[in-house]
Each structure stands twice: as C-alpha cells, then as structure tokens.
Amino acid sequence: MTSVSSIASWNASTLRGSATATVSREATSSLPVTTSASASSSIVALGAAAGQGATQAAAAPLQWERASRDQVSELMAKNFSASASAGRFNGLGAALLDQLKGGVTQLSQTAQRAPNGAQAATYAGIATGVSGALHGMGDDKFSLGITTKSGVEVKLSLDSDGDALAVQMTASDALTDAETRALGQLSNAFQEAIDGMAQDPPQLKLAGLMQFDTKQLASLDLRARVGLDTQPPSVQTLSFQADATQRKVAFSGAAGSLDVKVDASQAASLGSPDQQARALKSYMSQFDQAATRGHADGGLMTLFKETFSALHSSVGDAPQLSLGGTTPGKWQLAAQDSAMLTGLADFSASVAQTPKMDNPMRLSEQDAFAYQVGQSTSIGGRSIDERAISQQQTSSLSASFHMPLVAGTSLNLTTAAESQNYTYHQIDDRASSDANIVYRDGKLAKATLEQSSSQSTRIQRYEMGKLKSDLTTPSEHSLLRDLVASLAPYQAGETQLNLEQKAQQRTQRLRELNEDVFLKADAGR
C-alpha cells in the first residue's frame, strides 16, 4: 500500500542509469508518477514507512537509489529500522527471487538514511539520491549465484550496514519459463538460509537449497557474512556450493569453524537409503564419542553433525547401471561389493574450535578441539569381471582442556597460585578402516577389511601451580579380516534351506557384515 505525503522517506529520483531496474510491463506501470524534484513538492512514500508515523519519518528520512514501489522496496522500507541482520533481511531474499515470477530479471535498489542536517519536510533533504556503492560491500551481506543448465547466470545480493540497506539481482541472459519456475521455487529456501545465518547462535538451514531442480539448474553458490554483537565483536561467515556431483559447506564463527565436502561423482558406490541411514547413524555416534572425549563445544558440534547429515541426505541412491559395462562408471556393483562399503558418497569433513587460553599463568595451555574425518573410494579394472574396489575411511582427533581436581567444582584460573589446582588433558587419536575387493575372471579373488586405531591421553596434574605428575597413556588396536569365505553365496549349514530362505539369510549376513566396515575409534576391541 502507498500513500502520498509531503513528509516522507521515499526518494522518487534516480541518480544513475545503471541503477534503473529492467522490469515487466506490469511492474513498470506501478512506478510513482512523480519522478523528479521539479515535478512536484510531494513524493510517493511507502505505506510501511509512512505507517511508522510522521515523527519517526521526520527524524530519519530515507534516500533511495531509484524510484519504485515494488514489493522489494516496500520490504526494505519496512525492515530498515531493524538493527539486527535478522530484521533487516526479513523476507528480502524470498521477495527478490519472487520478482522473477513477474518477469523482473534486473533489479537494483538502495535505501540510505539521510545525512545529519537533512530536513525531512523538504524535498531537497531526501531527494539527493544515493549511489549503488553498497552492493557487495555491506558489513552484513548475502549473495546467491545460480547458473542454469543453458548457461544463464543469475546473481542476487543483499547488503546492510548501519545507515544503508541494498539489494541487487542480475541475469546474464533471458530465462526460459522452466528456468524461471525452478528459480522461483528456491525463494523460500534462500530466505531460510538467510534467516538461519542471521541468528545467534546460527543455524545452517541449507536443506531447501540442496533440493534445487537439477534438470533446469546447474549449480548454486551461496556466500554470507554476518557481524555479531559480541565482546569482542565477531563475524560469522558461510560458503555453500552445490551442483550435480558435489556439495561444499564452509562455516566460521565465534565458536570455531567447520568444512564439509561431499563428492557424489562415484555413483556406483552409493548404497540404498537404508544402508546410507545406517552409515550416517554410525558416523553420528563417532562424532558424539569424539566430542565427549575432546570436550567439544556442543553448539559447534551440533552444526557440524547437521551439516554432515544434510549434505549426504541430498545425494540420492545408487543408479541402476549396466552389469555388462567396461567402464567403471557404468558398473552396478554386486551385493557383496556393496556390503564392503559404507554406501555413502565420498567426503572430507573437519571441525575446529577457536582455541582459548584460559590459564594466564601458562598461556601455552590452550583449550582446543580439532576433528577430521574422510572417506575415499576407488573403482577400477578392465571390466566388471576384472574389477577392483577399495574404500578408505580415516579420522583424527586432537584436543586439549583443563579440568578441576575436584569433580563438580569450577575452575577460575588466575595468576594466583591458589587457583592453579587442575589437570590439563591432551588427546591425540587416529583411526582407519580399509576395505579391498578384487575379482579375477568374474570370481571373487580377494576381500579384506583392515581396521586400526590409536589413542593417546596425556594428563598433567598441577597443585598450587606446581606440576605433580605427567602421565601419558597410549593404546593401539588393529584388526585384519579375510572375508572371501564370508561373502560366498552359500555357507555351510544351509543345505536344508530352500532358495528363498538362502537368499534371506544371505541378505541378513551381508547386512551384519556391513555394520563392521564403518569407521571405529576403538578398532580391534
């Protein structure tokens, strides 16, 4: 809704031609009739801004990059008074993408608070206009780049600082109706991602963006930077890229950082939904064990686990591929092959806390947590009858933390000797799981599973600031299994079973074997 007022925060002039939006005929017809200072001493004001009252408008007039009363500009005026990013960007991402449905493919708008001394009651005070210099340069900012299958690049940006709010959308070429629909379907997902990152603590709401229409859209690239009102001030950033074969997320904030990459290009190694669910459950358990052992930050680990699960959930299932192919990418693996693999797409993932130096007497003693985990799969050979499959899983944990000597009490470490009663723990763990399968003339010639783990715990005990003990406890475990006999189609003792019963028993046996291939921090126990 709009209103006409002689005291308003709407600038109806456009300073530069490059900032003018290319809009549909319907959008153009809704532009204000008054477009220059010479046309009238009255200007068009957004209803949302005018609704805040003449007193507020007079105190804080807004200048605008271009004249329009489209949905995006109305939201900008409505949101401008919010100080936090969550309020400034409320609904703006969705509104920007929704413009595509009306035919708008180029849009640029900036709202800026008038300088001190500008008089809201005079047109000159608010119609001096602003440039688009804030685009891509805000203290808080979001950008989304989308490339369609036909090669059209669509770019959106939202920027905010204390005195200005800006949005921009561009398309490198005309969009088809199907591409427009696919882009419009991402409006709510884009807004969810913005809302999640603008929160404190943040949430990585990326599931919707990962469900983009791969028939029309080739790739997505989301970047975000949000300042936090912490002491000292801090910044949280997000980078997310996705296409048909990979997903990448990198996040950093006050608590720490995480980086997760999922490679779905090795489609033949993907398992069924049930197998992938079991693998994710196993990894969630591994992450919880590492977090407990290393005293990780709970909020950061929750973000890590949610991101890891979300990136894998969008990959899909193994395709139905030809059994007779001669190219590894065209093979459909046998049931016993899949049982030796996790069923997940290959990945690398890491999470690290921001180190803290909580002991002023010994600054070298940091409270820190760093965890890495990964999987790599190789499928090769001249043909499916001569195939060779290997999969390696690895993890490492490095952590350190202080604990009070008396359980249940809290530490308050100072330079005073009386406060220096504690134990300092240093953790260094490694684990690996290697599966190897080889076929000769169509027959299983080799199937091995090798798992190993090592754990080291060093505990230094201090009383009244003096070192009383320094103990390191190492442990190592390893296991090597030959699984050729276990993977055979028939087992001893099955002679009394019919074919259906044998098939059911084999399925159950392979499922149980699959449970053993997942990475274990205490392999061999």
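Preceding this section is the structure that the text describes.
Presented here is a report on the structure given in the accompanying data block. From a predicted model like this one, the values you see are computed outputs, not experimental measurements. (Residues numbered from 1 in each chain as written. Predicted model: local features only at pLDDT ≥ 70, side-chain atom pairs only at ≥ 80, totals over all residues. Heavy atoms only, no water.)

1. Remarks on the overall build of the protein
Formally: In this text, helices come from DSSP runs of H or I with a minimum length of four residues, and strands from runs of E with a minimum of two, each type numbered from the N-terminal end. In what follows, a contact means two residues having at least one pair of non-hydrogen atoms within 4.5 Å.
Scanning the protein from terminus to terminus reveals 13 helices and 17 strands. Of the contacts formed within the protein by residues at least 6 apart in sequence, a portion of 70% connects residues at least 24 apart.

2. Quick look at the side chain of Gln-191
Condition: For every residue, the accessible area obtained with a 1.4 Å probe (protein chains only) is divided by the maximum for its type, and the residue is called buried under 20%, exposed over 50%, and partly exposed between those limits. Pairs of N or O atoms are called polar contacts if they sit within 3.5 Å, as long as, within protein, a hydrogen donor faces a hydrogen acceptor (for residues adjacent in sequence, only side-chain-to-side-chain pairs).
Within the element layout of this structure, Gln-191 appears in helix α9 (residues 187-197). On the basis of relative accessible area, Gln-191 is assigned to the buried category, the value being 7%. Engagement of the side chain of Gln-191 in a polar contact is seen with the backbone nitrogen of Gly-93, the distance being 2.8 Å. Not counting chain neighbours up to four residues away, the residues in contact with Gln-191 comprise Phe-89, Asn-90, Gly-91, Leu-92, Gly-93 and Ala-94.

3. Brief notes about helix α11 (residues 298-313)
Formally: To estimate the expected span of a helix, subtract one from its residue number and multiply by 1.5 Å.
End to end, α11 covers 22 Å across 16 residues, agreeing with the expected 22 Å (1.5 Å per residue, within 8%). Within the sequence span of α11, burial applies to Leu-300, Met-301, Leu-303, Phe-304, Thr-307, Phe-308, Ala-310, Leu-311 and His-312. Looking at the buried positions of α11, the neighbouring elements they touch are β10 (246-252), β11 (256-263), α10 (273-294), β12 (346-353) and β13 (368-380). For α11, the side-chain oxygen to backbone nitrogen distance between the N-cap and Gly-299 is 3.2 Å, and the N-cap itself is Asp-297.

4. Considering the nonpolar core
Rules: Take the buried residues of types Ala, Val, Leu, Ile, Met, Phe, Trp, Tyr and Cys, join any two whose side-chain atoms come within 4.5 Å, and each joined set is a nonpolar core.
Formed by 104 residues in total, the largest nonpolar core has its most connected members in Leu-206 and Phe-304. Not counting residues within four places of it along the chain, the set of residues in contact with Leu-206 comprises Ala-193, Leu-222, Leu-238, Phe-240 and Val-249.

5. So, the packing of α10 against α11
Rule in force here: Structural elements are reduced to axes, namely lines fitted to C-alpha atoms, with helices fitted over the stretch in contact, and the angle between N-to-C directions of any two is expressed from 0 to 180 degrees. In this scheme, roughly parallel covers angles under 35 degrees and roughly antiparallel covers those over 145, while 65 to 115 is roughly perpendicular and the rest are oblique. Crossings are sorted by hand: turned counterclockwise from the far helix by less than a right angle, the near helix makes the crossing left-handed, and turned clockwise it makes it right-handed. Amino acids are sorted into nonpolar (Ala, Val, Leu, Ile, Met, Phe, Trp, Tyr, Cys and Pro), charged (Asp, Glu, Lys and Arg) and polar (every other residue, Gly among them).
Taken N-terminus to C-terminus, the directions of α10 and α11 make an angle of 165°; their axes are 11 Å apart at the nearest point. By the angle between their directions, the pair α10 and α11 is classed as roughly antiparallel. Crossing hand, α10 versus α11: right-handed. Of the residues in α11, those touching α10 at Gln-276, Leu-280, Tyr-283, Met-284, Phe-287, Asp-288 and Ala-291 are Met-301, Phe-304, Lys-305, Phe-308, Ser-309 and His-312. Taken together, the residues of the contact of α10 with α11 sort by class into eight nonpolar, three polar and two charged.

6. Digging into the packing of α10 against helix α13 (residues 499-517)
Between α10 and α13, whose axes approach to 10 Å, the crossing angle comes to 35°. By crossing handedness, the relation of α10 to α13 is classed as right-handed. Along the contact surface, α10 presents Asp-274, Gln-275 and Arg-278, while α13 presents Arg-511, Asn-514 and Glu-515. Of the residues contributing to the contact of α10 with α13, the split by class is no nonpolar, two polar and four charged.

7. Section: the pattern of salt bridges
Test applied: By definition, a salt bridge exists where a carboxyl oxygen of Asp or Glu is found within 4 Å of a side-chain nitrogen of Lys or Arg.
Per the stated rule, a full pass over the model turns up 16 salt bridges. Between Asp-259 and Lys-261 there is a salt bridge, with the nearest N and O atoms lying 2.8 Å from each other. Using a relative accessible area of 23% as the deciding quantity, one classes Asp-259 as partly exposed. Exposure remark for Lys-261: the relative accessible area of 33% places this residue in the partly exposed category. A salt bridge links Asp-428 to Arg-430; the shortest N-O distance between them is 2.7 Å. Given a relative accessible area of 37%, Asp-428 falls into the partly exposed group. The structure contains a network of salt bridges with shared partners spanning Asp-274, Arg-278, Arg-511 and Glu-515.

8. Let's talk about the environment of Tyr-371
For Tyr-371, the position within the fold is in strand β13. With sequence-adjacent residues up to four places away left out, Tyr-371 is seen in contact with Gln-286, Phe-287, Ala-290, Phe-304, Ala-349, Ser-350, Val-351, Ser-395, Ser-396 and Leu-397.

9. Topic: unusual backbone geometry
With the exception of glycine, most residues fall at negative phi, and the peptide bonds are largely trans. Phi at Asp-441 takes a positive value of approximately 55°, unusual for a residue other than glycine. Considering the arrangement of structural elements, one finds Asp-441 in the loop between β15 (422-440) and β16 (443-463). A positive phi angle, close to 55°, is found at Met-464, a residue other than glycine. If you trace the backbone, Met-464 turns up in the loop between β16 and β17 (466-482).

10. A closer look at the side chain of His-402
Looking at the element boundaries, His-402 is found in strand β14 (residues 388-404). Taking the relative accessible area as the measure of exposure, His-402 reaches 9% and is therefore buried. Looking at His-402, its side chain comes within polar contact range of the side chain of Asp-367, at 2.5 Å.

11. Quick look at the packing of aromatic side chains
Describing an aromatic ring pair means giving the distance of the ring centres and the angle of the ring planes. The condition is simple: Centres within 6.5 Å make a pair out of two Phe, Tyr or Trp rings, where for Trp the six-membered ring is used; the pair is then stacked when the planes are under 30 degrees apart, edge-to-face when over 60, and tilted otherwise. Charge-over-ring placement is defined geometrically: NZ (Lys) or CZ (Arg) within 6 Å of the ring centre, and within 35 degrees of the ring normal.
Counted according to the given criterion, the structure contains 10 aromatic pairs. Aromatic side chains Tyr-422 and Tyr-462 sit 5.0 Å apart centroid to centroid with 20° between the ring planes, which places their arrangement in the stacked category. Residue Tyr-422 is located in strand β15, and its partner Tyr-462 is located in strand β16; the two are separated by 40 residues in the primary sequence. In this structure, Tyr-422 and Tyr-462 share a single accessibility class: buried. What links up through ring pairs into an aromatic cluster is the set Tyr-283, Phe-287, Phe-304, Phe-308, Phe-347 and Tyr-371. Cation over ring: Arg-88 sits above Phe-80, and NZ or CZ is 4.5 Å from the ring centre.

12. Structural notes on the environment of Leu-222
Turning to its location among the elements, Leu-222 is positioned in strand β8 (residues 217-228). Judged by relative accessible area, which is 2%, Leu-222 ranks as buried. Measuring from C-alpha to C-alpha, the distance between Leu-222 and Ile-146 comes to 8.7 Å, with 76 residues separating the pair along the chain. When near neighbours in sequence (up to four residues on either side) are disregarded, Leu-222 contacts Ser-143, Leu-144, Phe-190, Ala-193, Leu-206, Leu-209, Leu-238, Ser-239 and Phe-240.

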